[in-house]
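So the chains spell out like this:
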Amino acid sequence: MINALYSGLSSIMNHQLKLDVLGNNISNVDTIGFKGSRMNFTDALSLTISDAGSLDGTLTNPLQVGLGMGTRSIDAEFSQGALKSTGNFTDVAIQGNTFFVLNNGEQQLFSRDGSFHFNADGSLVNAMGYTVQGRMSDTGGVSQEAGSISDIVLDMNLTTPALATSQMYISGNINSTPQGGEKAKWNLNQSPFTLSSSPEEIASSGIGLSDISQFAGITNGQSIDFNITDESGTLNTIAYTYQDGDDIQSILSAINENTDAVSASYNSSTGIFSITSNSESSNTQISLANQGSGFEELSLQNLVEGSDPINPAVSALVYDSTGASHTVAIEFRKLSDNEWGWSASLDGEDSGETGTITFTNGAIDSHDFSDPLTLTLESGETMTITVSPDGKDGLSGLTNHNLSNSLFVGEQNGKQSGSLTNYSIGLDGSIIAQFTNGTTMAVAQISVAGFNNPNGLVAMGGSAFQASTSSGEAIIGDADELNTRLISGALEMSNVDLAEEFTEMIISQRGFQAATKVISTADQIMEEAVRLKR
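Heads up: these notes are all about the structure in this document. (Residues numbered from 1 in each chain as written. Predicted model: local features only at pLDDT ≥ 70, side-chain atom pairs only at ≥ 80, totals over all residues. Heavy atoms only, no water.)

**Section: the nonpolar core**
- Ranked by internal contacts, the top residues of the largest apolar core, which has 27 residues, are Ile152, Leu154, Tyr423, Ile431, Val443, Ile446 and Leu486.
- Going through the elements one at a time, strand S8 (92–95), strand S9 (99–103), strand S13 (131–136), strand S35 (418–425), strand S36 (430–435) and strand S37 (440–446) are the ones with two or more residues in this core.
- Here this core gets four residues from one element, more than from any other, and that element is S37.
- Those residues in contact with Val443 that lie beyond four places of it in its chain are Met136, Ser137, Leu154, Leu158, Tyr423, Ile431 and Ala433.
- Judged by nonpolar contacts, the second largest core, of 24 residues, contains Leu346, Ile357, Phe359 and Leu398. (Core = buried A, V, L, I, M, F, W, Y, C linked by side-chain atoms within 4.5 Å. Buried < 20%, exposed > 50% of the residue type's maximum accessible area, 1.4 Å probe, protein only. Helix = DSSP H or I, 4+ residues; strand = E, 2+ residues; numbered from the N terminus. Contact = heavy atoms within 4.5 Å.)

Next up, the structure:
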């Protein structure tokens with residue numbers, strides 16, 4: 001009976017211990033990063049009454065009586081907990097079988113609780129004030145050597161220097177047919193100058209000049225000089241000498257057959273005598289000189305100004321070494337079929353940089369953008385910018401199709417100086433600084449640790465663990481090296497399953513009750529045995 005009492009007692013004690021474990025699990029059902037524990041029982045040493053053997057040739061089994069039960073282990077369940085979104089970027093959840101590395105000022109600790117924040121010194125710490133460990137970066141974003149970890153401390157006043165533009169990429173289409181532009185046009189005398197044989201009638205194209213009101217009195221051998229200065233600045237003088245019987249067509253032929261700078265025409269329906277520049281620009285000039293007298297003074301009035309075609313252009317903001325912005329514009333003008341000239345300006349002023357670009361079937365054949373633009377600022381600083389019309393990273397280069405102009409700058413690499421606006425944390429634990437100029441830079445990386453035997457870790461409270469000889473040394477590295485993802489803006493919840501805990505609690509309660517019955521029954525039997533003496 002004594003053995004029965006001790007067996008029941010061992011069951012009571014161990015089921016009580018299991019209830020303690022279950023109670024701890026349930027009490028931490030809302031604890032961030034908590035890992036529930038599981039208690040494993042084992043039977044105690046058995047009392048052997050007789051060994052296994054052979055009796056008269058018959059094999060016999062051993063006769064053994066168990067002496068109760070004991071606790072084999074209490075193991076932590078390191079299964080993945082559910083993630084809860086918090087929206088706070090310094091909250092970080094682990095997906096994987098690793099731990100955050102913390103420093104309490106004396107030793108390294110390990111935790112699954114990623115509820116972090118920056119303290120007044122810029123250190124990334126947990127709720128207990130333990131500093132999160134990781135790899136810091138220099139200003140170029142190059143991390144320390146792997147395995148060399150330290151406290152993560154960030155500068156909340158971090159800035160990034162200005163970067164002078166040295167490269168720009170242009171893309172889009174240059175319309176192969178120049179758009180806009182009108183030729184210069186002059187009408188003689190009146191607005192418009194209408195040739196008439198009398199004040200009431202429009203002169204017909206075959207009527208003699210002497211019969212036209214404006215030329216009345218012209219005599220045989222009298223001359224009119226047409227002085228034409230073309231856009232290159234060359235003066236061309238066309239002298240027309242009147243012969244009896246000459247008509248309007250005589251003047252037209254004299255002009256059209258002796259110069260390519262202008263074209264003369266007469267509309268007998270309207271009576272308008274016009275001289276039109278053959279240039280795309282309005283640079284051609286013309287004047288008349290009456291070499292005689294006796295007819296109305298001829299003059300060029302009411303010039304209808306010509307205009308150049310709309311030259312396609314592209315512009316972009318670029319930055320000098322101080323971060324000051326400037327506008328660089330590149331204008332294209334058609335020289336001939338498939339050939340275009342270009343010129344660059346800086347802040348609206350001609351830079352003197354020019355060149356050509358040619359196309360074949362709408363695609364670039366050759367260009368001289370390979371030589372960088374050299375632009376001089378008012379301060380005297382020189383900017384050197386390489387312009388690429390050949391495209392980059394999925395952007396096509398310049399094209400020359402009969403489509404609308406669509407030029408744009410795909411990219412330029414200059415930046416203003418920038419001040420810190422925010423931090424973010426990537427899946428690999430990289431802490432990314434974001435600046436006002438659009439620059440992003442990795443300034444640190446959160447490290448994680450793995451263990452060969454996580455169940456060997458010693459719980460230290462505050463959701464932290466300490467390594468032991470049983471757990472083995474921490475394997476510290478980057479998240480992606482240890483098959484881990486770090487989710488910013490989320491926390492890992494407790495992995496305790498209440499349904500499972502309540503079920504285990506009922507079973508433990510029944511085991512505890514059954515053990516008390518064993519003790520009470522053994523006690524009653526022993527009492528009856530004592531009564532036999534009476």
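Next comes the rest of the description.
**Describing a negative patch on the surface**
- A cluster of acidic side chains, namely Asp347, Glu349, Asp350 and Glu378, defines a negative patch on the protein surface.
- Secondary-structure assignment places Glu349 in strand S29 (residues 349–360).
- For Glu349, a relative accessible area of 56% translates into the label exposed. (Patch = residues over 30% accessible without salt bridge, like charges linked within 9 Å, V, L, I, M, F, W, Y side chains within 5 Å. Areas by Shrake-Rupley, 256 points an atom, 1.4 Å probe, with all protein chains shown as cover. Salt bridge = Lys/Arg side-chain N within 4 Å of Asp/Glu carboxyl O. Lys, Arg positive; Asp, Glu negative; His and termini not counted. Charge placed at Lys NZ, Arg CZ, Asp CG, Glu CD.)

**Topic: the layout of surface pockets**
- Taken as a whole, the largest pocket encloses approximately 350 Å³ of empty space.
- Taken together, 21 residues line the largest pocket, and the ones lying closest to its centre are Phe34, Lys35, Ser37, Ala459 and Phe465.
- Elements that contribute at least two residues to the lining of the largest pocket include exactly strand S6 (69–76), strand S39 (458–461) and strand S40 (464–466).
- Here the lining of the largest pocket is composed, by residue class, of ten nonpolar, nine polar and two charged. (1 Å grid on protein atoms, 1.4 Å probe; cavity = no way out; pocket = protein on both sides within 12 Å on 5 of 7 lines; lining within 4 Å. Points joined across faces, edges and corners; volume = space filled by probe spheres on them. Nonpolar A, V, L, I, M, F, W, Y, C, P; charged D, E, K, R; others polar.)

**What about the packing of aromatic side chains?**
- Applying the stated rule across the entire model yields nine aromatic pairs.
- On the basis of an interplanar angle of 80° and a centroid distance of 5.5 Å, the ring pair of Phe78 and Phe99 is categorised as edge-to-face. Residue Phe78 is located in the loop between S6 and strand S7 (83–85), and its partner Phe99 is located in strand S9; the two are separated by 21 residues in the primary sequence. (Phe/Tyr/Trp six-rings, centres within 6.5 Å; stacked < 30°, edge-to-face > 60°.)

**So, the environment of Thr421**
- Looking at the secondary structure, you find Thr421 in strand S35.
- It is 9.2 Å that separates the C-alpha atoms of Thr421 and Leu158, two residues lying 263 residues apart in sequence.
- Residue contacts for Thr421: discarding those within four places in its chain leaves Gln434, Phe435 and Thr436.

Everything listed here is a matter of geometry and, on its own, says nothing about what the molecule does.
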